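If you want the building blocks of each chain, they are given just below.
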Amino acid sequence: MSHAASITLYGTPPSGHAHRVEVFLTLLGLPYTYVTATADVRKTPEFLALNPLGQIPVLVDGDAVICDSTAILIYLAEKYAPDSPWLPRDPLTRAEVQRWLSIASAEVRFGPAIARAISQWQLPGDLAAAKAIAARLFGFMESHLAERRFLAADHPTLADLACHAYIAHAPEGGISLAPYPNIQAWLARVAAIPGFKDMDPLPLPAGG
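Residues numbered from 1 in each chain as written. Predicted model: local features only at pLDDT ≥ 70, side-chain atom pairs only at ≥ 80, totals over all residues. Heavy atoms only, no water.

A. Structural context of the overall build of the protein chain. Along its length, the protein chain carries eight helices and four strands. Starting at the N terminus and ending at the C terminus, the protein chain contains elements arranged as β-α-β-α-β-β-α-α-α-α-α-α. Along the longest, intermediate and shortest principal axes, the C-alpha atoms of the protein chain span 45 × 40 × 25 Å. Taken across its 208 residues, the protein chain has 46% of its residues classed as buried. Across the protein chain, the fraction of contacts at a sequence separation of at least 24, relative to all contacts at a separation of at least 6, is 68%. Put simply, the protein chain shows about 9,900 Å² of open surface, and 58% of that area lies on carbon and sulfur atoms. Here the protein chain contributes 15 positive and 19 negative side-chain charges, whose respective centroids are spaced 3 Å apart. (Helix = DSSP H or I, 4+ residues; strand = E, 2+ residues; numbered from the N terminus. Buried < 20%, exposed > 50% of the residue type's maximum accessible area, 1.4 Å probe, protein only. Contact = heavy atoms within 4.5 Å. Areas by Shrake-Rupley, 256 points an atom, 1.4 Å probe, with all protein chains shown as cover. Lys, Arg positive; Asp, Glu negative; His and termini not counted. Charge placed at Lys NZ, Arg CZ, Asp CG, Glu CD.)

Here it is in structure tokens:
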């Protein structure tokens, strides 16, 4: 394992995108500095110099600047845990991990993550459409997890870290997990990984 330079993570505590990176840094035992980058901070010239898209998370590792949560996860795995099970070398398993990283950036983001953002912070968006995306995703995941302990392999991988937070906190977007016992069991297995820390909960929406 390479030795960490000075690592800084820019994010916000309610962000599942930042949380997945924070969890992985912790699980790898890497020291880092957390900088809260609120919406106002993300509009500053200093932040836009790091990420011109004005998005979190951003990881600064010495002279390296990496944007996008799944890109950061891959970077950290390749640099600091290159032979670990988090990003398997087997081509088929690695492809399966990549599939779930793509799902995390698509269906998870536009389903439970958007529903949570609309419900919690009144961000613009179509709540019914987000809930429909989540329902389709969760139906697929429930079947996928019927005979699997984790998403991409028989052990935790980056796939599980990338997908966990927004699915675990789907009720904060008015999406019940009660119909999905296999998903609930998977969430519990991920939460039981030694050193794992979940996001702090937010209030459930009224009537959600």
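Having put the structure on the table, let's press on.
B. View of the nonpolar core. In this structure, Leu 59, Leu 76, Phe 138, Met 141, Leu 158 and Trp 186 are the most contacted members of the largest nonpolar core, which totals 53 residues. Of all the secondary structure elements, the ones that give two or more residues to this core are strand S1 (7-11), helix H1 (16-27), helix H3 (69-80), helix H4 (91-105), helix H5 (107-121), helix H6 (127-144), helix H7 (158-168) and helix H8 (181-191). For this core, the leading source of residues is H7, giving seven residues. If you look at the next biggest cluster of nonpolar residues, it comprises six residues, including Tyr 10, Phe 47, Val 58 and Val 60. (Core = buried A, V, L, I, M, F, W, Y, C linked by side-chain atoms within 4.5 Å.)

C. Expanded view of the sheet that holds S1. Taken in spatial order, the four strands line up as S2-S1-S3-S4 in an open sheet, and their pairing is mixed. Each having just a single partner strand, strand S2 (33-36) and strand S4 (64-67) make up the two edges of the open sheet. The sheet shows a mean angle of 20° between the axes of neighbouring strands, taken without regard to direction. (Pairing = 2+ DSSP bridges. Axes fitted to C-alpha atoms, helices over the stretch in contact; angles between N-to-C directions.)

By themselves, these figures tell us nothing about what the structure is for.
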